[in-house]
Amino acid sequence: MTDTTKPAGQDTGRDAGQEAGKDRVVIFDTTLRDGEQSPGATMTHDEKLEIAELLDDMGVDIIEAGFPIASEGDFRAVKEIAERSKNAVICGLARAQLPDIDLCWEAVKHAGQPRIHTFIGTSPLHRAIPNLTMDEMAERIEQTVSHARNLCDNVQWSPMDATRTEWDYLCRVIEIAIKAGATTINIPDTVGYTEPGESADLIRRLIATVPGADEVVFATHCHNDLGMATANALAAVAGGARQIECTINGLGERAGNTALEEVVMALKVRGDVMPYYTDIDTKKIMHISRRVATVSGFPVQFNKAIVGKNAFAHESGIHQDGMLKNAETFEIMRPEDVGLKSSSLPLGKHSGRAALRAKLGELGVEVGDNQLKDIFVRFKDLADRKKEVFDDDILALVTATTDGDAERLQMVNLKVVCGTGGPAEATLEMEIDGEDRSASCQGDGPVDATFKAVRELHPNKARLQLYQVHAVTEGTDAQATVSVRLEEDGMIATGQSADTDTVVASARAYINALNRLLVRREKTGTDVKEISYKDVT
Ligand code: KIV
Ligand code: ZN
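None of these values were measured; they are calculated from a predicted model.

**Some details on the site of ligand 1**
Link 1 in the chain: The environment of ligand 1 is made up of 11 residues, and the closest members are R33, D34, T190, H221 and H223.
Link 2 in the chain: A distance of 3.0 Å separates an oxygen atom of ligand 1 from a polar atom in the side chain of D34.
Link 3 in the chain: A distance of 2.6 Å separates an oxygen atom of ligand 1 from a polar side-chain atom of T190.
Link 4 in the chain: For ligand 1, whose free accessible area comes to 260 Å², the fraction covered by protein is 100%.
Link 5 in the chain: Residue classes in the shell around ligand 1 are distributed as 3 nonpolar, 6 polar and 2 charged.

**Points about the packing of aromatic side chains**
Link 1 in the chain: In the structure shown here, the tally under the stated rule is 3 aromatic pairs.
Link 2 in the chain: Taking 6.2 Å as the distance between ring centres and 35° as the angle between the ring planes, the aromatic pair formed by F376 and F379 counts as tilted. With F376 and F379 both in helix α14 (residues 369-385) and 3 residues apart, the pair spans about one turn of that helix.
Link 3 in the chain: Take F376: its relative accessible area is 14%, and that puts it in the buried class.
Link 4 in the chain: Here F451 and Y510 contribute two aromatic rings whose centre-to-centre distance is 4.2 Å and whose plane-to-plane angle is 20°, an arrangement assigned as stacked. Of this pair, F451 sits in helix α16 (residues 446-457) while Y510 sits in helix α17 (residues 502-524), and the two are 59 residues apart along the sequence. There is no split in this pair, since F451 and Y510 are both buried.
Link 5 in the chain: Every member of this aromatic cluster is reached through a ring pair, and the members are F451, Y467 and Y510.
Link 6 in the chain: A cation over a ring is seen here: R127 above Y169, with NZ or CZ 5.0 Å from the ring centre.
Link 7 in the chain: One residue, R205, lies across the ring of W167, its end atom 4.0 Å from the ring centre.

**Thoughts on the sheet that holds strand β13 (residues 435-443)**
Link 1 in the chain: Within the open sheet, the 3 strands sit side by side as β11-β12-β13. Their pairing is antiparallel. On the outer flanks of this sheet lie β11 (409-417) and β13, each paired with one strand and no other. Across the sheet, the mean angle separating the axes of adjacent strands is 20° when strand polarity is ignored.
Link 2 in the chain: Bridge count between β11 and strand β12 (residues 424-432): 8 bridges; the pairing is antiparallel. Directly across from L409, in β12, lies its bridge partner I432.
Link 3 in the chain: Here α16 sits on the sheet and contacts β11, β12 and β13; the angle it forms with β13, its principal contact strand, is near 140°.

Conventions we followed
Residues numbered from 1 in each chain as written. Chains lettered and ligands numbered in written order. Predicted model: local features only at pLDDT ≥ 70, side-chain atom pairs only at ≥ 80, totals over all residues. Heavy atoms only, no water. Near = heavy atom within 4 Å. Polar contact = N/O pair within 3.5 Å; in protein donor to acceptor, adjacent residues only side chain to side chain. Areas by Shrake-Rupley, 256 points an atom, 1.4 Å probe, with all protein chains shown as cover. Nonpolar A, V, L, I, M, F, W, Y, C, P; charged D, E, K, R; others polar. Phe/Tyr/Trp six-rings, centres within 6.5 Å; stacked < 30°, edge-to-face > 60°. Helix = DSSP H or I, 4+ residues; strand = E, 2+ residues; numbered from the N terminus. Buried < 20%, exposed > 50% of the residue type's maximum accessible area, 1.4 Å probe, protein only. Lys NZ or Arg CZ within 6 Å of the ring centre and 35° of its normal. Pairing = 2+ DSSP bridges. Axes fitted to C-alpha atoms, helices over the stretch in contact; angles between N-to-C directions. Contact = heavy atoms within 4.5 Å.

In structure tokens:
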């Protein structure tokens, strides 16, 4: 093990590309840790592996794969992501405790390029949680960072709530962490409190003041509580940070984190005033954005920058006129730059399996043979009911099918009678562990009656946290995508489905969520204690 700290950008595991006269900014993605921590955004093991692979393929430099001490599931996911990693550094999060750091190392050490990220809350409010004096905390930082560095050459340290930490104390603890062997110092704006001027200034002053600061990489980690996460991250780069921490779609607790797609595209489009570049393949942005929205169950708002459904839509007459004359009239980037294909021909009921496979390839979707079979059956069914099947319809079908384990609960048939002046009645037939069963229930509307029938056939105490319906395309024959989020004994699962019949899509989404709860329970056991990174003791 060498004893050298590594200069900016050199501990990322990638060959740094170069752009004349520009500095490289390293992209640290924490979708699978800070993003997944967002209540309700829980992903399954296989989904985490898939997202990690997409992040690696798109050129993310460092993937924060999870928080290994949080649960057995988190540990397994980080370990497997580390084992499968290709180019990216794989990082795990650990509290300032020796057993946390040891377990984190056990999970990440399998990566070609492992990193341990350890942190402690340094602001007055956060210091009060473990009830440590300033000196005791400084000692703990020295001890834990040295311990991490003895295990791993690549150590990141974060003073949580840095932007509300006293200046002198912040300088003192950063100096201690650098001396103890940290190679990256991350400055979190944990509660999204800072603003761009302050963000740039803080990094600039820290680099100018703290001894040893020029030997480490400074990182910025911003939350979006005041809607300034992207601006704050870019300002921090202007102040000297060379690592941006971010998530796909800005996923994350409360208002989320800095959105990867926003900082990456801002640096690409405004390289004239921000002389920095990243190694992200921006054409892969749209696909990963859709996958993260699907697996997390957090849809992207229509007018979200870069990846929102309307981000490149120009509907008003004056815009359309300008666009037809010259696309640059209203577009500062091309849809193709983020992987949006200019709308291609829709499929119809005469399209065969080869056309469907080609379309999936065009949309950047890879599916296994079983899933393709399932998608094809649903596509044919949809094409019989809907004249034109658009790209978004196909993507909704992909979301509604799985390539994973056989599902224990399956819907066979659903009949609903409803109207004005009385309760709705749903008659549902399901296959449960291979056995056919049916039930009829009344409810306050068709969805309520259907969900009651599911509960009658598969009694459970899962609480409905979210029920969301979206139309995929325009028209009364549009498919509806439905998301259902359930919570049972602290475990959360999101199910999704799509159909031209909203009630059928709702039933399937509900059953899909129940199947996911069953899988999670089988894989992790109900007695696993899940801890939060905020339980700092
Ligand atoms: O927001 C935060 O402070 C964090 C730390 C664990 C880096 O996510
Ligand atoms: Zn955070």
